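What follows is each chain in one-letter form.
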Amino acid sequence: MSNPVKKVSPEVHARAMRLVLEHEGEVDTGKRAGVPPETAHRLKALEHENQKLHQMNEILPKASAYFAQAELDRPFRK
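Residues numbered from 1 in each chain as written. Predicted model: local features only at pLDDT ≥ 70, side-chain atom pairs only at ≥ 80, totals over all residues. Heavy atoms only, no water.

1. Observations regarding the overall build of the protein
Just so we agree on the cut-off: Numbering goes from the N terminus for both helices and strands, where a helix is a DSSP run of H or I of at least four residues and a strand is a run of E of at least two. For the area figures, the Shrake-Rupley method with a 1.4 Å probe applies, and any residue is considered shielded solely by the protein chains shown.
When you go through the protein residue by residue, the secondary structure sums to three helices and zero strands. Here the protein has roughly 8,000 Å² of accessible surface; of this, 60% comes from carbon and sulfur atoms.

Encoded structure:
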C-alpha cells in the first residue's frame, strides 16, 4: 500500500508557516496557555532523573541484602 502525499499550494504553505511563526512565542509571553519550551524540557529531564532514582531505590536494598547474606555465608578465617 502506498501512502499518498497531499500537496498544498505554495501560497497555503507560506500562510501556514507565517501563522506558526507569528504565534510561536505566545506561550513564552503568557498570551496562550501552556508550558514554555525551556520549562517543558527541564520537566522532562527531571522526570527521567526521578525514574532513574526510583529504580536505584528498588535495587539498592536488594543488593545490600545480597551482599550481607554473602558475608554471613562466607567461612570464618583465623
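The discussion continues.
2. Section: a nonpolar patch on the surface
Let me state the cut-off plainly: Patch definition: residues with relative accessible area over 30% and no salt bridge; like charges joined within 9 Å; nonpolar side chains (Val, Leu, Ile, Met, Phe, Trp, Tyr) joined within 5 Å. For this analysis, a salt bridge means a side-chain nitrogen from Lys or Arg found within 4 Å of a carboxyl oxygen belonging to Asp or Glu.
Nonpolar side chains collect at one region of the surface, where Leu53, Met56 and Leu60 lie side by side and expose about 290 Å² of accessible area between them. One can find leucine 60 in helix H3 (residues 37–73).

3. Digging into the confidence of the model for the protein
Where we set the bar: Confidence scores labelled pLDDT are given residue by residue by the predictor and lie between 0 and 100.
Confidence in the prediction of the protein, expressed as mean pLDDT, is 84, and 82% of residues score 70 or more. Within the protein, no element has a lower average pLDDT than helix H2 (residues 26–29), which sits at 68, and none a higher one than H3, at 93.

4. Brief notes about the pattern of salt bridges
Heads up, the condition is: Buried, partly exposed and exposed residues are distinguished by accessible area as a fraction of the type maximum, computed with a 1.4 Å probe on protein chains only: under 20%, between the cut-offs, and over 50%, respectively.
Using the criterion set out here, one finds one salt bridge in the structure. Among the salt bridges present, the one from arginine 18 reaches glutamate 22, with a minimum N-O distance of 3.4 Å. Linking arginine 18 with glutamate 22, this pair stays in helix H1 (residues 10–23), spanning four residues, or about one helical turn. We classify glutamate 22 as partly exposed; its relative accessible area is 48%.

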